[in-house]
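Chain by chain, the residues run as shown.
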Amino acid sequence: MPNADLLHHNEIQFRKSIVELAPGMWTAVGYAASTQHVIEGASSLTVVDTSESTGAAKNVLDEIRKRTGKPVGRIIYTHSHRDHISGAAIFAEGRVCPVIANAKFQSDLVGQDGNKIAPHKALKRRTAAQFGIGLFPEERISLGCGPGDRPMEGLGGGFLPPTQLIEDDQDIDLDGVRARLIMAPGETEDHMAVWLEEAGVLIPGDNWYHAFPNLYAIRGTPYRDFAAWADSLELLEQLGAAVLAPGHTMPVFGKDKVREVLSTTRRAILHVMRHTAEGMDKGQSMDDIVSELRLPDDIASKPWLGEFYGRASWSARAFASGTLGWYDGNPTTLGTLSSTERARHMADLAGGVEALTAAARSTIDPQWRLELCDHLIALGEPVELLKAETMETIAEDEINATARNTYLWHARRLRGGETNR
């Protein structure tokens, strides 16, 4: 049985619905990995973020058409992640439609230098694992940031490039509705919040959602500036919004609640930074830093800091790597052993390969079993099914959706199953 808290998070935060934020303002939740926001002007609509696929965008537009027939007059991207920019063509409905974004906007959907050297295949593989692509719907409970069961038709297919790039904070008229575009780097450098002061509605993009922030994505990502993210949360908190409509999960209503979720999330980020820096200053290993990491008691139980998407331990490792690089200060790590060499030494210590295999099968610590399995696989021993079974067991208790999906995805591969459904 999957983790009960993860099931509850999926049921409450990704329930398919069109939520009214204020008169003439709506958020679509549960139709895609991300949320879409619609603002009604005098004769046209503004859409903020457009989903990950043309299929999802069409479903959202059909629901909006039950409320208003006004055409979409402009589109705003809060940032450049695929799940926010890939349904724009559906909302434009064949018209020439202004598309507004941060001047730092950069996406892999935009043509880039074909000579750029990067581990593209690794990123694709790890992305598929993180989002559980190829898993059965009953296996993929959620994405942590959105529903697991969602339209995949036209994935990445409806992107429209920005036509207007914003350099600095700027007031903008949305066909009679006053808004302010605010530069708010966080999950990405090109984040831009939309502040509708008269209605008290704030659209922060992915700088806040109902889960521990994804300060490091296990699919692989460059360092996300923790300090900038925390600063942006403080800036957004000071606006005094009465409604917070995040890029994922349900909106938050009430000034006090909005202030609380933003401030406590900022505190959580700062705590991870401080704890990690102090441990590094003491010369602790990253494993020890992570093992001792706990959020302060007064915020640890906040439901919106549950590790459904991001995880504090992953964040600590990312902060250490992002600030001082891969070297941990221990000279032992300046040298290296191959996986096979290390496995041979481990087998020798255990008394031979058979003894190492027996230890892997008998231990009650699933993490240790995985590590021993890796040594045995490096030695060519057939323990793939043991590793798969262990990952499946871990996945059932896992509260983090991306970790669960990754365990199950790799278990399927080890069993020789398809991961491209």
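Residues numbered from 1 in each chain as written. Predicted model: local features only at pLDDT ≥ 70, side-chain atom pairs only at ≥ 80, totals over all residues. Heavy atoms only, no water.

Visitor: Summarise the sheet that holds strand S13 (residues 252-253); cite the residues concerned and give the values.
Guide: Strand order in the open sheet formed by six strands is S8-S9-S10-S11-S12-S13, and the pairing between neighbours is mixed. What marks the edges here is a single partner per strand, and that holds for strand S8 (170-173) and S13. Pairing geometry for strand S11 (residues 201-203) and strand S12 (residues 243-244), over two bridges, is parallel. Following the sheet pairing, Leu 202 is matched in S12 by Leu 244. (Pairing = 2+ DSSP bridges. Helix = DSSP H or I, 4+ residues; strand = E, 2+ residues; numbered from the N terminus.)

Visitor: Any chance you could break down the packing of helix H13 (residues 366-378) against helix H14 (residues 384-397) for me, citing the residues and the numbers?
Guide: Following both chains from N to C, one finds H13 and H14 inclined at 155°, their axes separated by 9 Å at the closest point. Between H13 and H14, the crossing angle belongs to the class labelled roughly antiparallel. By crossing handedness, the relation of H13 to H14 is classed as left-handed. Here Pro 366, Arg 369, Leu 370, Cys 373, Asp 374 and Ile 377 of H13 come into contact with H14, specifically with Glu 384, Leu 386, Lys 387, Thr 390, Met 391 and Ile 394. (Axes fitted to C-alpha atoms, helices over the stretch in contact; angles between N-to-C directions. Parallel < 35°, antiparallel > 145°, perpendicular 65-115°, else oblique. Left-handed = near helix turned anticlockwise from the far one by under 90°. Contact = heavy atoms within 4.5 Å.)

Visitor: Any details on the sheet that holds strand S7 (residues 164-166)? Residues and values, ideally.
Guide: Strand order in the open sheet formed by seven strands is S1-S2-S3-S4-S5-S6-S7, with mixed pairing between adjacent strands. Sheet topology places strand S1 (17-22) and S7 at the edges, where each strand pairs with a single neighbour. Neighbour-to-neighbour, the strand axes of this sheet turn through a mean angle of 20°, independent of strand direction. Pairing geometry for strand S6 (residues 99-102) and S7, over three bridges, is parallel. If you follow Ile 100 over to S7, its bridge partner there is Gln 164.

Visitor: Go over the pairing of strand S3 (residues 36-40) with me, naming the residues and quoting the values.
Guide: Here is the key point about a regular strand: its side chains alternate between the two faces of the sheet. Of all five residues in S3, four are buried, a share of seventy percent or more. Strand direction decides the pairing type here: strand S2 (residues 25-29) and S3, joined by four bridges, are antiparallel. By the bridge assignment, Met 25 is partnered in S3 with Ile 39. Taken together, S2 and the strand that follows it, S3, pair antiparallel across an intervening segment of six residues, in which Gly 30 is found at a positive phi of about 90°. Summarising the sheet, S3 and strand S4 (residues 45-48) pair through four bridges and their orientation is antiparallel. When the bridges of S4 are listed, Ile 39 appears paired with Thr 46. Here S3 hands over to S4 after four residues, the two strands then running antiparallel side by side. (Buried < 20%, exposed > 50% of the residue type's maximum accessible area, 1.4 Å probe, protein only.)

Visitor: Would you mind going over the side chain of Glu 52 in detail, with residue names and values included?
Guide: Structurally, Glu 52 is set in the loop between S4 and helix H2 (54-64). The residues contacting Glu 52, other than those within four sequence positions of it, are Ala 32, Ala 33, Arg 82, Asp 83, Ser 86, Arg 150, Pro 151, Gly 154, Leu 155 and Gly 156.

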